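# Residue-level structure breakdown
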Amino acid sequence: MNLFIEGYEGGFRLARVSLDGDIVLLGDDGYATRLGSVKSPERLSTGDILTIDKRGRGYRLYSNEEHDATVFMTGNCNSNCIMCPTSDRERQMDSGLPDARLLAYIDMLPADVSHVVVTGGEPTLRPRLFLKVMRKLTDRFPHIETLLLTNGRSLSVSSFFDKLIAYCPPYLCAAIPLHGDTPELHDRITRAPGSFEQTDRGIRNLLAAGIAVEIRIVVTRLNQAALSGIADLIIRYYPTVHTVNFIGLETRGNCAKNFKEVYIGHREAFEAMKGAIDALIEAGINTSIYNFPLCAVDTGYWGICRKSISPEKIRFPAACDACAAKEECGGFFSTTLSMTKPQVKPILARKEAGA
Ligand code: SF4
């Protein structure tokens with residue numbers, strides 16, 4: 001919750017923040033409320049977009065300070081990955097906005113949005129709405145990248161894929177996880193029989209249509225020995241992918257529940273990734289590392305580490321205060337830090353790190 005409106009009696013609505021004078025919230029239906037009735041307005045900026053529920057609780061959908069827009073389609077997913085950071089309950093709830101509200105939200109976004117992410121759950125599970133969203137994003141933001149976070153399975157269905165091609169924004173990039181170098185391993189991790197075959201077909205369809213594909217490899221105890229095999233598979237069958245990202249775990253949801261089976265520490269994970277990263281880079285494939293603290297990664301790879309954890313989730317152990325690289329470091333997920341109590345190695349000077 002980002003704010004609370006005392007004495008609120010209206011129903012559910014979308015609202016845009018305006019800190020001009022003492023009016024703070026303007027609804028999509030003309031509703032306005034004043035500063036005195038809002039608790040915690042200091043967390044808001046002009047241009048933020050929120051949902052207000054019938055009890056007056058406000059949740060921020062868009063931050064005007066970040067200029068990155070997230071379009072959340074649904075909490076539902078047709079896979080149930082063993083290390084997914086969402087819980088079974090979250091995945092079973094259809095927590096997306098109703099169709100008309102979601103489309104109205106896209107209309108409310110400012111013209112200077114710099115990046116759009118379409119996500120879920122699995123965002124294609126509301127197929128008609130998904131295609132309408134794609135068309136609207138194409139109309140409103142034809143010149144910026146739209147990142148689609150999907151397991152790629154729906155994109156194996158040619159009737160659906162053809163419609164996506166007809167509607168999709170020109171700078172679409174589909175980010176798709178690949179969990180194993182064999183159907184057995186991939187399907188064991190997604191816990192969805194047949195998912196490897198569908199994801200493979202989805203990736204091939206995208207590449208054949210000239211749409212950018214980012215492959216995400218979430219590194220777990222279950223696939224640490226298969227990372228080189230996954231890199232070989234990408235080099236052999238998907239050599240034109242836009243990028244490959246190795247992703248560290250967020251220990252909440254299924255990942256926390258199946259902790260013993262899936263969790264791998266950052267340093268051990270990096271050791272397992274190194275050969276696969278080298279092979280991909282040697283093959284000319286753009287490769288990055290997400291969700292890893294710098295001291296778990298050899299300095300020669302710092303240039304491909306991204307500060308990928310969203311600001312509200314980043315935490316650092318107290319020992320990091322002495323680290324010369326804290327500004328550049330991506331830190332830890334709050335949940336991972338509290339569950340794993342990782343040992344960090346503060347960098348005392350850039351020279352020590354060899355950077
Ligand atoms: S000591 Fe902390 S801030 Fe420094 S690299 Fe490690 S995790 Fe990052």
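The structure this text deals with has already been given above.
Residues numbered from 1 in each chain as written. Predicted model: local features only at pLDDT ≥ 70, side-chain atom pairs only at ≥ 80, totals over all residues. Heavy atoms only, no water.

What follows covers the environment of G96. For G96, the location among the structural elements is in the loop between α1 (88-92) and α2 (99-108). On the basis of relative accessibility, which here comes to 19%, the residue G96 falls in the buried class. Beyond its immediate sequence surroundings of up to four residues, G96 is in contact with F72, M73, T74, G75 and R126. (Helix = DSSP H or I, 4+ residues; strand = E, 2+ residues; numbered from the N terminus. Buried < 20%, exposed > 50% of the residue type's maximum accessible area, 1.4 Å probe, protein only. Contact = heavy atoms within 4.5 Å.)

Most of strand β11 (residues 172-177) is tucked away, with 5 of its 6 residues classed as buried. Sheet topology places strand β10 (residues 146-149) next to β11; 4 bridges connect them, and they run parallel. Each residue of the ladder has a partner; that of L147, found in β11, is C173. As a crossover connection, the stretch from β10 through helix α4 (residues 158-167) into β11 is right-handed. With 5 bridges connecting them, β11 and strand β12 (residues 212-218) associate as parallel partners. (Pairing = 2+ DSSP bridges. Right-handed = clockwise from strand over helix to strand, strands pointing away.)

With that settled, the discussion passes to the nonpolar core. Ranked by size, the top nonpolar core spans 86 residues in total, and within it Y105, I215, I234, M273 and I289 carry the most contacts. With sequence-adjacent residues up to four places away left out, M273 is seen in contact with V219, L227, F246, I289 and F292. Grouped together as the second largest cluster of nonpolar side chains are 12 residues, I5, Y8, L50 and I52 included. (Core = buried A, V, L, I, M, F, W, Y, C linked by side-chain atoms within 4.5 Å.)

A few words on the side chain of T150. Structurally, T150 can be placed in the loop between β10 and α4. Of note is the side chain of T150, whose polar atom sits 2.9 Å from the side chain of E122. (Polar contact = N/O pair within 3.5 Å; in protein donor to acceptor, adjacent residues only side chain to side chain.)

Next up on the list: a negative patch on the surface. A cluster of acidic residues, E65, E66, D68 and E312, forms a negative patch at the surface. Along the polypeptide, E65 turns up in the loop between β7 (57-62) and β8 (68-72). E65 gets classed as exposed once you look at its relative accessible area, which sits at 64%. (Patch = residues over 30% accessible without salt bridge, like charges linked within 9 Å, V, L, I, M, F, W, Y side chains within 5 Å. Areas by Shrake-Rupley, 256 points an atom, 1.4 Å probe, with all protein chains shown as cover. Salt bridge = Lys/Arg side-chain N within 4 Å of Asp/Glu carboxyl O. Lys, Arg positive; Asp, Glu negative; His and termini not counted. Charge placed at Lys NZ, Arg CZ, Asp CG, Glu CD.)

What follows deals with the environment of I106. Looking at where I106 falls in the secondary structure, it is placed in helix α2. A C-alpha to C-alpha distance of 31 Å links I106 and S195, two positions 89 residues apart in sequence. Every residue in contact with I106, bar those within four places of it in the chain, is listed here: V71, V133, K136, L137, R140 and F141.

All chains considered together, the criterion is met by 3 aromatic pairs. Seen from their ring centres, F259 and Y263 are 4.8 Å apart, and the 10° between their planes marks the pair as stacked. When the centroid spacing of 5.2 Å and the interplanar angle of 75° are considered together, the rings of F270 and Y301 count as edge-to-face. Of the two residues, F270 sits in helix α10 (residues 266-282) while Y301 sits in the loop between β14 (287-290) and β15 (305-306), which places them 31 residues apart along the sequence. In this structure, F270 and Y301 share a single accessibility class: buried. Here the basic side chain of K326 rests over the ring of F316, its NZ or CZ set 5.0 Å away from the ring centre. (Phe/Tyr/Trp six-rings, centres within 6.5 Å; stacked < 30°, edge-to-face > 60°. Lys NZ or Arg CZ within 6 Å of the ring centre and 35° of its normal.)

Taken N-terminus to C-terminus, the directions of helix α3 (residues 127-140) and α4 make an angle of 20°; their axes are 9 Å apart at the nearest point. It follows that α3 is roughly parallel to α4 by the angle criterion. By crossing handedness, the relation of α3 to α4 is classed as right-handed. Residues P127, F130, L131, M134, R135 and T138 of α3 lie in contact with α4, whose contacting residues are F160, K163, L164 and Y167. For the contact of α3 with α4, a count of residues per class yields 7 nonpolar, 1 polar and 2 charged. (Axes fitted to C-alpha atoms, helices over the stretch in contact; angles between N-to-C directions. Parallel < 35°, antiparallel > 145°, perpendicular 65-115°, else oblique. Left-handed = near helix turned anticlockwise from the far one by under 90°. Nonpolar A, V, L, I, M, F, W, Y, C, P; charged D, E, K, R; others polar.)

This part takes up the packing of helix α7 (residues 227-237) against α10. Two elements in contact, α7 and α10, have axes whose closest approach is 8 Å; the angle formed by their N-to-C orientations is 15°. It follows that α7 is roughly parallel to α10 by the angle criterion. α7 and α10 meet at a crossing whose hand is right-handed. Between α7 and α10, the contacting residues are L227, S228, A231, I234 and I235 on the first element and A272, M273, G275, A276, A279 and L280 on the second. Partitioned by chemical class, the residues of the contact of α7 with α10 number 9 nonpolar, 2 polar and no charged.

What follows is about α3. Relative to the 20 Å expected for 14 residues at 1.5 Å per residue, α3 spans 20 Å between its end C-alpha atoms, a close match to the ideal helical length. By the burial criterion, the buried members of α3 are L129, F130, L131, V133, M134 and L137. Buried residues belonging to α3 abut β8, α2, β9 (115-119), β10, α4 and β11. (Expected span 1.5 Å × (residues − 1).)

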